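# Remarks on the overall topology
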Amino acid sequence: MRLFQLGLVALFFYLQYLLWFGHNGIEDYTRLRKAVASHELTNQQLSKRNKLLEADIQDLKLDLEGVEERARHELGMIKPGEVFYRVLPSKQSLRKE
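In the annotation of an unreviewed UniProt entry, the chain is listed under the name Cell division protein FtsB and assigned to Pseudoalteromonas ruthenica. Taken from UniProt, the Sequence similarities (unreviewed entry) comment for the chain reads in full: "Belongs to the FtsB family."

Take a look at the structure:
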C-alpha cells in the first residue's frame, strides 16, 4: 500500500511538471497568448492604414481636384501659363531659430 501511495504522489508531481513546464503547458499558453495579442494589435493598425489608403484611392478615382492637389504638392507641378513663386526665409531668421 505504501508503494502505491508513493507511485500516486510521483504521478501527481509528474503531471504537475507537465502542466506547468511541458509541451503545450501553461508556459507555452501564456507565451502564445502574448503573441496573439501582439498580432491582433498589429492587425488593427494595418487595418486602419488600409482603410486610409482605400479612402485615398477612392478620392483619387472620383475627384480630379484631389489628383491636381497631389500633383501640385508632391510633384511640384504647375498648370501651363501659371507662374510659380517660391519664397525662402532669410538667412537671419534661420540663425535666430
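Here the narrative resumes, following the displayed structure.
The next point concerns the overall build of the chain. Looking only at helices and strands, the chain features four helices and zero strands. Walking the chain from its N terminus toward its C terminus, one meets helices and strands in the order α-α-α-α. The C-alpha atoms of the chain give a radius of gyration of 33 Å, which is well past the 13 Å a tight globule of 97 residues would have. Projected onto the principal axes, the alpha-carbon positions of the chain cover approximately 105 × 45 × 10 Å. Within the chain, the proportion of its 97 residues that are buried is 5%. Working note: accessible area of the chain is about 9,800 Å², and carbon and sulfur atoms make up 61% of it. For the chain, the distance from the average site of its 15 positive side-chain charges to the average site of its 13 negative ones is 9 Å.

Turning our attention to the UniProt feature "coiled-coil region" (unreviewed entry) in the chain. UniProt annotation of "coiled-coil region" (unreviewed entry) refers to residues 36-70 when read in the numbering used here. Across residues 36-70, helical content stands at 97% and strand content at 0%; the span's end C-alpha atoms are separated by 38 Å.

How each quantity is defined
Numbering of residues starts from 1 in each chain and follows the order in which that chain's sequence is written. The predicted nature of this model means local features are confined to residues of pLDDT at least 70 and side-chain atom pairs, given and counted, to a pLDDT of 80 or more, with totals for whole chains, interfaces and linings taken over all residues. Working from all heavy atoms in the structure, the side-chain values ignore hydrogens and water. UniProt positions are given in the numbering used here, feature names are shortened, and annotations may be inferred rather than shown by experiment. Strands are runs of DSSP state E lasting at least 2 residues, helices are runs of H or I lasting at least 4, and numbering of each runs from the N terminus. Computation of the radius of gyration draws on C-alpha atoms, with the globule rule given as 2.2 Å multiplied by the number of residues to the power 0.38. When accessible area is computed with a 1.4 Å probe and restricted to protein chains, residues below 20% of their type maximum are described as buried, those above 50% as exposed, and intermediate ones as partly exposed. Note that accessible areas follow from Shrake-Rupley with a 1.4 Å probe, and for residues the cover is restricted to the protein chains shown. For the purpose of charge, His is not counted, nor are the chain termini; Lys and Arg are scored as positive and Asp and Glu as negative. Here the site of a charge means NZ on Lys, CZ on Arg, CG on Asp, or CD on Glu.

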